[in-house]
Structures are given as C-alpha cells and as structure tokens.
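The chain contents come next:
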Amino acid sequence: MDAEYANTYRQLYQHHWWWQSRRTYILTLLRRWQAQDGDTKPRQILDVGCGDGLFFPDLIQFGEVSGIEADDRIVDPNGKFSDQIHVGLFDDSFQTDQKFDWIVMLDVLEHIPDAITALKKASQLLKPTGRMLLTVPAFNLLWTKHDDYNHHVTRYTKSLMTKQATEAGFQIDNQHYLFHWTFPAKLLVRLKERFSKQEPGPATLPATVPNKMLKMLCRFEQAIFTPLRPPFGSSLVVSLSKHSITGS
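Just so you know, these numbers come straight off a predicted model, no measurement behind them.

Parameters and conventions
- Residues numbered from 1 in each chain as written.
- Predicted model: local features only at pLDDT ≥ 70, side-chain atom pairs only at ≥ 80, totals over all residues.
- Heavy atoms only, no water.
- Axes fitted to C-alpha atoms, helices over the stretch in contact; angles between N-to-C directions.
- Helix = DSSP H or I, 4+ residues; strand = E, 2+ residues; numbered from the N terminus.
- Parallel < 35°, antiparallel > 145°, perpendicular 65-115°, else oblique.
- Left-handed = near helix turned anticlockwise from the far one by under 90°.
- Contact = heavy atoms within 4.5 Å.
- Pairing = 2+ DSSP bridges.
- Nonpolar A, V, L, I, M, F, W, Y, C, P; charged D, E, K, R; others polar.

Side note on the packing of helix α2 (residues 17-37) against helix α8 (residues 208-224)
In step 1: One can describe the packing of α2 onto α8 by two numbers: an axis separation of 9 Å at closest approach and a directional angle of 30°. In this view, α2 runs roughly parallel relative to α8, as classed from their interaxial angle. Seen from above, α2 lies across α8 with right-handed handedness. Of the residues in α8, those touching α2 at W17, Q20, S21, T24 and Y25 are N211, L214, K215, C218, R219 and Q222.

Structure, rendered in structure tokens:
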C-alpha cells in the first residue's frame, strides 16, 4: 500500500461510501452463514489483510478474531487489537497451529503475485468444515490508474477465480458480482484516463452529502439488484469451502 494511502486508510474505511457499503454487505453474508450453521458457538476467525483490525469490532460478534497484515505502517503497535495481529506476509513464513472456522480476505488477493499459493495457505489453515469469504476487484476491462496506484496484479472474473480456487483445493459455493452501478462509471473513468496525463492518487473521502447519497444508492442496489445476480459489477464476492455447502 502506498504510504499516503496508508495514512488515510482508517478514515476511508470508517466513512467512505464504498468501504461502508462493502462492510454492510459482508456482515449480511456472515450472519447468513451463522444462521445456516444453526448454532451460536464462538468461531475462530482469521482476517487476512486486516490492516489495524478495523473489521475486528464487527467480527467479534461471531467469535474470536485474529489477523495478519503485511504492511506494518497501518498497524498501530499500541492499538486495541495489536496483540491479535501478526505483521508479516501471508505465506509459509506465517506459522500457527491454530485452525480456523472462517477466513475473510477482503480485497487482498489482487495484491498478491502468487495468488494460488496464498489460497493454498488459507486452505491449510481452515478446519475441514471451515469457510472462506473473499472479495476482489472484477474485470480487467475496468482497469484504471487506481489499480496501478494500489499495485494490483489483476482484476478477477468468475472463471479466473474458479481456476485458482480449484487449483488451491477449494470448492466455490457461491460467487457473484457487487457494485453494479460502478461498472459503467469505471468504464467512463478509464475512457477519461486515455486522454488525461494526470497521475494516479489515493482515494479521498467525498463531501458529506454525496457520500451519504452514494451509500444509499449502494444499499438500494444490494437489496434490489444484487439478489438477481447481474453478470457484471466492479467487485466479485466469493464463498469457498473444502466441501461444498449449499445455500451459501
């Protein structure tokens, strides 16, 4: 993560319409998992690419949470969750005897050059009945300077995700696109960038009123259009397991 971006990430996560809309949607899926399991036992949860544990307060309702973050600049050593965060790469250097019921990896995989190795590591850390939930940016057609700035390796399609997940030993229980309205919006951004020499920069927090309006738009879309599973969107949401779980 770029240093300037790292310094503003907490503010973006807590207030930006995109981060807040993703958070709301992911929590809806996790509550559905909890209902499908039919019990309230605390789960062991690993948040890969957890930053400074910003998602931990939400995940705690489902069980005991720990995380791993590669970028030490965004982990406060004196922070509330610092003891629960391992700072380092998500590869074989991350050693633990603990197995997890759930692993979440939110917009992390696209940063990893060897995505299959990372997925294999996640599979090794999951319990036999465990589940993994990840999000990634979708469609290289939507590649913009934002992707360059954030050091993305690729944007995903369902077919690419299926290929990588299968090779890593996962079964895909469900995958679908999210943020449908931003698909044409990002196409317009890409077109504009063809005629602009402006250098890419970090995401910024919109003014209060447009930020609230965009958040409302996303929630409306998630309630009405996302259940219809449109074949496009700027993000891909994927539920994985070692053994197929229906209704995910």
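A closer look at the sheet that holds strand β6 (residues 171-178)
In step 1: The seven strands lie next to each other as β3-β2-β1-β4-β5-β7-β6, forming an open sheet whose pairing is mixed. Because the sheet does not close on itself, it has two edges, and the strands there are β3 (85-87) and β6. Adjacent strand axes in the sheet meet at a mean angle of 15° when their direction is disregarded.
In step 2: Note that strand β1 (residues 43-48) and strand β4 (residues 100-106) share four bridges and pair parallel. Across the sheet, the residue bridging to D47 is V104, located in β4.
In step 3: In the packing of helix α6 (residues 158-167) onto the sheet, the strands contacted are β5 (126-137), β6 and β7 (235-241), and the crossing angle to β6 comes to about 155°.

Describing the packing of helix α4 (residues 115-125) against α6
Relative placement of two packed helices is described by the angle separating their axes and the distance separating the axes.
In step 1: Running from N to C, α4 and α6 point in directions that differ by 55°, and their axes come no closer than 8 Å. Relative to α6, the element α4 is oriented oblique. When the axes of α4 and α6 are compared, the crossing they make is right-handed. Counting all contacts with α4, which are made through A115, I116, L119 and K120, the residues of α6 involved are Q164, A165 and E167.
In step 2: For the contact of α4 with α6, the class distribution of residues is four nonpolar, one polar and two charged.

In short, shape yes, function no, at least from these values alone.
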